[in-house]
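Observations on the three-dimensional arrangement
Chain residues, written in single-letter form:
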Amino acid sequence: LYLKLGATLIDSHTFPNILRTPGYPFFIASLYAVFGKFSQAVLFSQALIDSATAVIIALLFFRIFQNIKYAFLAGVIYSVNPFAIFYANMLLTETLFSFIFLSAVSFFFFFLQGEGKRKLALSSVLLGIGALCRPISFFIPLLFMPFIFFTERKLKDKLISCTLFILLYAMVLLPWYVRNDHVYGQWTLSTAGKFNVFVNFAPEVLMGKDNLFSLITINVNELVRPYQAKMWQIAKSKY
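In what follows, the accompanying structure is described.

**Here we look at the environment of Thr-151**
For Thr-151, the position within the fold is in the loop between helix H8 (140–148) and helix H9 (155–184). A residue is classified by how much of its surface remains accessible, and Thr-151, at 10% relative accessible area, is buried. When the C-alpha atoms of Thr-151 and Ser-30 are compared, they prove to be 39 Å apart, with 121 residues separating the residues in sequence. Setting aside anything within four residues of it in sequence, one finds Thr-151 in contact with Leu-112 and Lys-158.

**Focus: the nonpolar core**
In this structure, Tyr-24 and Phe-27 are the most contacted members of the largest nonpolar core, which totals 36 residues. Where this core is concerned, the elements lending two or more residues are helix H1 (2–12), helix H2 (23–35), helix H3 (39–65), helix H6 (94–112), helix H7 (117–133), H8 and H9. Those residues in contact with Phe-27 that lie beyond four places of it in its chain are Val-42, Ser-45, Gln-46, Ile-49 and Leu-96. In this structure, Ile-56, Ala-74, Tyr-78 and Leu-102 belong to the second largest nonpolar core, which totals seven residues.

**Description of the packing of aromatic side chains**
Applying the stated criterion to the full structure yields 18 aromatic pairs. Taken together, a centroid distance of 5.2 Å and an interplanar angle of 75° make the contact between Phe-86 and Tyr-87 edge-to-face. Note on Phe-147 and Phe-150: the rings are 6.4 Å apart at their centroids and 50° apart in plane angle, and the pair reads as tilted. Assessed through its relative accessible area of 69%, Phe-150 is described here as exposed. Following the ring pairs from residue to residue traces out a cluster consisting of Phe-97, Phe-101, Phe-108, Phe-111, Phe-144 and Phe-165.

Analysis parameters
Residues numbered from 1 in each chain as written. Predicted model: local features only at pLDDT ≥ 70, side-chain atom pairs only at ≥ 80, totals over all residues. Heavy atoms only, no water. Helix = DSSP H or I, 4+ residues; strand = E, 2+ residues; numbered from the N terminus. Buried < 20%, exposed > 50% of the residue type's maximum accessible area, 1.4 Å probe, protein only. Contact = heavy atoms within 4.5 Å. Core = buried A, V, L, I, M, F, W, Y, C linked by side-chain atoms within 4.5 Å. Phe/Tyr/Trp six-rings, centres within 6.5 Å; stacked < 30°, edge-to-face > 60°.

Shown next, in the form of structure tokens:
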């Protein structure tokens, strides 16, 4: 699906989808524009991005602990992390999001250490881009904001920083909300949450209600499909 959306962005400059957000498809489209429609180019770019993420982690640890051994160890641990390697070789959002998110964390940490509001602004914008990549990260900025009040700045400056942080984050997301409202009549970042409830969570609850142990079996995907079909039949008969 992501490859198809990326190709559509290149071919017709449209994005016929409300379930997915444009971050990762735009990344694919950018690579298609340079290298042509080769999925291998996407995977190779993700390998580079994943390597850069390991470097970011090492640099961040060095800034925090001022110990090059800790920094090197942190970078190496991420480099050999089997999950990171696995997702870097999949056409999914995880690798790109990890790079964006950890970059945002780094800039935010630099701001907390006393660097200017430009670092805070960069962190906020990157978090917005991250939400356009993975909507599940939408509320993460709320976890960042309390740390602003632990700095040694004046209260007025802290309030200004919080306002700047949220406003820039909202400005990144606002065009996509406006687009979804205009095209689909829904003021939302993505319908993925509703989709997951209907297609995954609700059928799993029904399956667990009939047989609790079915939730931990190896072929759980096969077992849940009749319940998914049941949910679709209920929706069809009602709507």
